[in-house]
Amino acid sequence: AATPRDLTSLIAQGLFRQDLFFRLNVAPLRLPPLKDRLDDIADLARAFLLRAHREGLSAKTIDEGAISRLKAHTWPGNVRELENLMRRVAALYAEPTISARIIEKELEPIAAAGEGDVTLDRLIERAVAADLASGHNDLYDRLLLSVERPLIRTVLNATR
């Protein structure tokens with residue numbers, strides 16, 4: 001389990017169960033946020049693309065322009081945001097090399113969503129349109145991999 005919160009102070013305030021803390025606190029690791037570890041971004045991005053390939057998505061590489069764009073992002077979602085981004089580009093783009101243009105295209109809605117003008121419906125419509133435009137004929141399978149399975153896994157983890 002990972003959290004940026006100070007669980008010991010939450011326990012003191014009665015906002016977190018002490019018994020649960022002792023179950024989770026086996027080997028605590030303190031890592032700075034991704035925005036403070038820019039040198040890790042390239043290796044993490046490549047590792048996440050490799051994982052997506054091992055899970056059945058097309059093999060992808062990432063160019064230096066894309067890495068530079070990733071390093072310029074603020075990463076409010078930390079490493080999970082990077083992982084989800086790499087899974088998304090592996091699923092939605094036919095190009096074998098992820099470019100800065102692709103990264104910019106994917107990060108744009110995230111920035112706009114902060115302003116409240118991009119909905120999940122619009123993001124899904126855009127992703128489906130991009131998939132159809134790329135000539136893929138396995139939209140259903142790709143949606144299962146990139147949306148349904150992570151959603152089910154997240155819900156199961158949250159309810160255990």
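Residues numbered from 1 in each chain as written. Predicted model: local features only at pLDDT ≥ 70, side-chain atom pairs only at ≥ 80, totals over all residues. Heavy atoms only, no water.

Colleague: What should I look at first to understand the packing of aromatic side chains in this one?
Modeller: Each pair of aromatic rings is reported with the distance of its centres and the angle of its planes. A complete count under the given rule lists one aromatic pair for this structure. Judged by centre distance (5.6 Å) and plane angle (65°), the rings of Phe-21 and Phe-22 are edge-to-face. A residue is classified by how much of its surface remains accessible, and Phe-22, at 54% relative accessible area, is exposed. (Phe/Tyr/Trp six-rings, centres within 6.5 Å; stacked < 30°, edge-to-face > 60°. Buried < 20%, exposed > 50% of the residue type's maximum accessible area, 1.4 Å probe, protein only.)

Colleague: Teacher, can you tell me more about the nonpolar core here?
Modeller: Most often, soluble globular proteins keep nonpolar side chains buried together rather than apart. Core analysis: the biggest nonpolar cluster contains 27 residues, and Ile-62, Leu-70, Leu-82, Leu-85, Met-86, Val-89 and Ile-103 have the highest contact counts within it. Counting residues per element, the ones that place at least two in this core are helix H3 (41–54), helix H4 (64–72), helix H5 (78–92) and helix H6 (100–113). Here this core gets seven residues from one element, more than from any other, and that element is H5. Filtering out sequence-adjacent residues up to four positions away, Leu-82 remains in contact with Leu-34, Ile-41, Leu-44, Ala-45, Phe-48, Leu-70 and Trp-75. (Core = buried A, V, L, I, M, F, W, Y, C linked by side-chain atoms within 4.5 Å. Helix = DSSP H or I, 4+ residues; strand = E, 2+ residues; numbered from the N terminus. Contact = heavy atoms within 4.5 Å.)

Colleague: Mind showing me how you'd approach the pattern of salt bridges here?
Modeller: Oppositely charged side chains are able to pair whenever their charged atoms sit close together. Within the structure shown, the criterion is met by eight salt bridges. Between Arg-37 and Asp-40 there is a salt bridge whose closest N-O contact spans 3.1 Å. Here Glu-64 makes a salt bridge to Arg-46, at a shortest N to O gap of 3.3 Å. Separated by 18 residues along the polypeptide, Glu-64 in helix H4 and Arg-46 in helix H3 bring together distant segments of the chain. Classification of Glu-64 by relative accessible area gives exposed; the value is 52%. In this structure Arg-46 comes out as partly exposed when scored by relative accessible area, which is 36%. (Salt bridge = Lys/Arg side-chain N within 4 Å of Asp/Glu carboxyl O.)

Colleague: It is not clear to me how the environment of His-53 should be interpreted in this structure. Could you clarify?
Modeller: Tracing the backbone shows His-53 in helix H3. Those residues in contact with His-53 that sit more than four places away from it in its chain are Ser-58 and Ala-59.

Colleague: What exactly am I supposed to notice about the environment of Glu-106 here?
Modeller: Within the secondary structure, Glu-106 is located in helix H6. One polar contact links Glu-106 to Arg-88, side chain to side chain, over a distance of 2.7 Å. Here the side chain of Glu-106 touches Tyr-93 through a polar contact of 2.5 Å, side chain to side chain. (Polar contact = N/O pair within 3.5 Å; in protein donor to acceptor, adjacent residues only side chain to side chain.)

Colleague: Sorry, what's going on with the side chain of Ser-99 here?
Modeller: Inspection of the secondary structure assignment puts Ser-99 in the loop between strand S2 (97–98) and H6. Taking relative accessible area as the criterion, Ser-99 reaches 17% and is therefore assigned buried. Leave out the neighbours within four places in its chain, and Ser-99 touches Asp-63 and Ala-66.

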